[in-house]
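Structural features, examined
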Amino acid sequence: MKNYYKPSGKFSPISLMYFLLLSVTAFPLLGLIYAYCIWYIPFVFINILFTAIFGFLIGYLINSAVIEKGKVRNVTVAFVFGLVGGFLALYFHWAVWTDLVINAGESYGNSRIGVSVSNIKIVQVFSLIIQPETLFDLINEINVYGTWGVRSNTVNGTFLLTIWIIEFLIIVGIAILSSLMKVKEPFCEKENIWFKKLKLGPFEYLEDPSKIVKELENGDSQQIMNIQLNEDPIANHSIFTLFMSNYRDSYLSIENKESKINKKGKLEFDSDIFLEYIFINEPLKESLLKKMSDSKTTDN
């Protein structure tokens, strides 16, 4: 709809330079760390967590260094950066991990759990990186014999290949999603900068989000202008994110946060972002800012 922000589809060529810089610095380092974590931590569930963290860090770096600094406003380009970045980082990981397999030494542990001592040889790793055919031949050979097992049963063949495919999908999928965090945010084409982002609230909890959305889409801001701040820090509430530029264009995102007690007896909030990047008029923007200003004055 015309009253929602839509990325222009533009991007700066410098984003490619930032991506190349990550490709020869951060991605190899992340691949190295991830390979050692997977090699020396013999707990499947912890390794799954590291897999997700690995994917997130790839996407986070792309989002902050390439998308944000490179001023990428094209969702497809951001998607490609996430896809290629995830693949490259995983490729470096495979080179390091394969070299760890080649140089594996003494094993310690028992029939249920154990690790093999190993360290990479830098020249060997570099050789694998620049010879993908050799690397994938070795990976195929590793798949035949396996390197680890569950309850004394070696994991190899189709089962191991399935695990590797799932690992690939998790890492690349999270990398892509993390890379897309910034690209959809409002960008001022006139100033060639991202809109200033400001968190407002907490405000009252919005019981009927669909009504709020419909009203703002129709240009009716009366209900939002009358909203009050929530003074109870543990109650349900809403948070507004205001995006502003020097050209008086403003956009608003709204999320409801519902309080609950988790299994450990601690307070936490479920978040529901039900509205993102809708255009708002100047009176509504000033009204929201004034509410926050008056609140700070009262607190002082």
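Here's a quick rundown of the structure.

What counts and what doesn't
- Residues numbered from 1 in each chain as written.
- Predicted model: local features only at pLDDT ≥ 70, side-chain atom pairs only at ≥ 80, totals over all residues.
- Heavy atoms only, no water.
- Phe/Tyr/Trp six-rings, centres within 6.5 Å; stacked < 30°, edge-to-face > 60°.
- Helix = DSSP H or I, 4+ residues; strand = E, 2+ residues; numbered from the N terminus.
- Buried < 20%, exposed > 50% of the residue type's maximum accessible area, 1.4 Å probe, protein only.
- Lys NZ or Arg CZ within 6 Å of the ring centre and 35° of its normal.
- Arc of directions from axis to C-beta.
- Contact = heavy atoms within 4.5 Å.
- Salt bridge = Lys/Arg side-chain N within 4 Å of Asp/Glu carboxyl O.
- Core = buried A, V, L, I, M, F, W, Y, C linked by side-chain atoms within 4.5 Å.
- Axes fitted to C-alpha atoms, helices over the stretch in contact; angles between N-to-C directions.
- Parallel < 35°, antiparallel > 145°, perpendicular 65-115°, else oblique.
- Left-handed = near helix turned anticlockwise from the far one by under 90°.
- Nonpolar A, V, L, I, M, F, W, Y, C, P; charged D, E, K, R; others polar.
- Polar contact = N/O pair within 3.5 Å; in protein donor to acceptor, adjacent residues only side chain to side chain.
- Patch = residues over 30% accessible without salt bridge, like charges linked within 9 Å, V, L, I, M, F, W, Y side chains within 5 Å.
- Areas by Shrake-Rupley, 256 points an atom, 1.4 Å probe, with all protein chains shown as cover.

We describe a pair of aromatic rings using the distance from one ring centre to the other and the angle between the two ring planes. On inspection of all chains with the given rule, the structure shows 18 aromatic pairs. Summarising the aromatic geometry, the rings of tryptophan 94 and tryptophan 97 are spaced 5.5 Å apart at their centres and angled 90° between planes, so their arrangement reads as edge-to-face. In this pair, tryptophan 94 and tryptophan 97 both sit in helix H4 (residues 75–102), three residues apart, roughly one turn of the helix. Judged on exposure class, the residue tryptophan 94 and its partner tryptophan 97 are both buried. Pairing phenylalanine 195 with tyrosine 251 gives two aromatic rings, centres 5.6 Å apart and planes at 65°, and the pair type is edge-to-face. With phenylalanine 195 in the loop between strand S6 (193–194) and strand S7 (196–203) and tyrosine 251 in strand S9 (residues 250–261), the pair connects residues that are 56 residues apart, well separated along the chain. For the pair shown, phenylalanine 195 and tyrosine 251 are each scored as buried. Put simply, the rings of Tyr5, Phe195, Tyr251 and Phe279 touch in pairs and so form one group of aromatic residues. Directly above the aromatic system of phenylalanine 187 lies the positively charged group of arginine 73, at a separation of 4.2 Å from the ring centroid.

Before going further, it helps to spend a moment on helix H1 (residues 14–24). Among all positions in H1, only Ser15, Phe19, Leu22 and Ser23 are buried. Down the axis of H1, the buried side of the element spans an arc of 105°, and every buried residue falls inside it. Every exposed residue of H1 that faces more than 90 degrees away from the buried side is listed here: Met17, Leu20 and Val24. As for H1, its buried residues are in contact with helix H2 (26–40), helix H3 (44–68) and H4.

The next point concerns the pattern of salt bridges. Overall, the coordinates contain nine salt bridges when judged by the stated rule. For glutamate 255, the salt bridge identified is with lysine 257, shortest N-O distance 3.9 Å. Judged on exposure class, the residue glutamate 255 and its partner lysine 257 are both buried. Between lysine 260 and aspartate 270 there is a salt bridge; the shortest N-O distance is 3.3 Å. Residue lysine 260 is found in strand S9, and its partner aspartate 270 is found in strand S10 (residues 267–280); the two are separated by 10 residues along the sequence.

Our focus in this paragraph is the nonpolar core. Residues Phe27, Phe54, Ile58, Ile62, Ile67, Phe81 and Trp97 are the most contacted members of the largest nonpolar core, which totals 43 residues. At the level of secondary structure, the elements contributing two or more residues to this core comprise H1, H2, H3, H4, helix H5 (122–129), helix H6 (132–145) and helix H7 (157–179). Here this core gets 12 residues from one element, more than from any other, and that element is H4. Beyond its immediate stretch of four places on either side in the chain, phenylalanine 54 contacts Leu30, Gly31, Tyr34, Ala89, Leu90, His93 and Ile171. Ile212, Leu275, Ile278 and Met292 belong to the second largest nonpolar core, which has 20 residues in total.

Time to look at the packing of H4 against H5. Two numbers describe how H4 lies on H5: the axes approach to 9 Å, and their chain directions differ by 130°. When the axes of H4 and H5 are compared, the pair comes out oblique. Seen along the crossing, H4 lies across H5 with a hand that is right-handed. Within the contact between the two elements, H4 uses Tyr91, Phe92, Ala95, Val96, Thr98, Asp99 and Ile102 and H5 uses Gln124, Val125, Leu128 and Ile129. In terms of residue class, the contact of H4 with H5 is built from eight nonpolar, two polar and one charged.

Let us now look at the environment of tryptophan 164. Position of tryptophan 164 among the secondary structure elements: in helix H7. Along the sequence, tryptophan 164 and leucine 83 sit 81 residues apart, while their C-alpha atoms lie 17 Å from each other. The contact partners of tryptophan 164, leaving out residues within four places of it in the chain, are Trp94, Trp97, Ile139, Ile142 and Asn143.

On to the environment of glutamate 217. Along the polypeptide, glutamate 217 turns up in helix H8 (residues 209–217). With 75 residues separating them along the chain, glutamate 217 and isoleucine 142 place their C-alpha atoms 57 Å apart. Polar side-chain contacts of glutamate 217 include one of 2.8 Å to the side chain of tyrosine 4.

Where H3 meets H4, the axes come as close as 10 Å, and the angle between the chain directions of the two elements is 130°. If you check the angle between H3 and H4, you find them oblique. Remark: the crossing between H3 and H4 carries right-handed chirality. Between H3, through Phe54, Ile58, Ile62, Val66 and Ile67, and H4, the contact on the second element is made entirely by Ala78, Phe81, Gly82, Gly85, Gly86, Ala89, Leu90 and His93. Split by residue class, the contact of H3 with H4 holds nine nonpolar, four polar and no charged.

On to a nonpolar patch on the surface, then. Where nonpolar side chains cluster on the molecular surface, the patch consists of Leu49, Ile53, Phe56, Leu57, Tyr60 and Met181 and spans about 530 Å² of accessible area. In this fold, leucine 49 is placed in helix H3. The exposure class assigned to leucine 49 is exposed, which follows from its relative accessible area of 52%.

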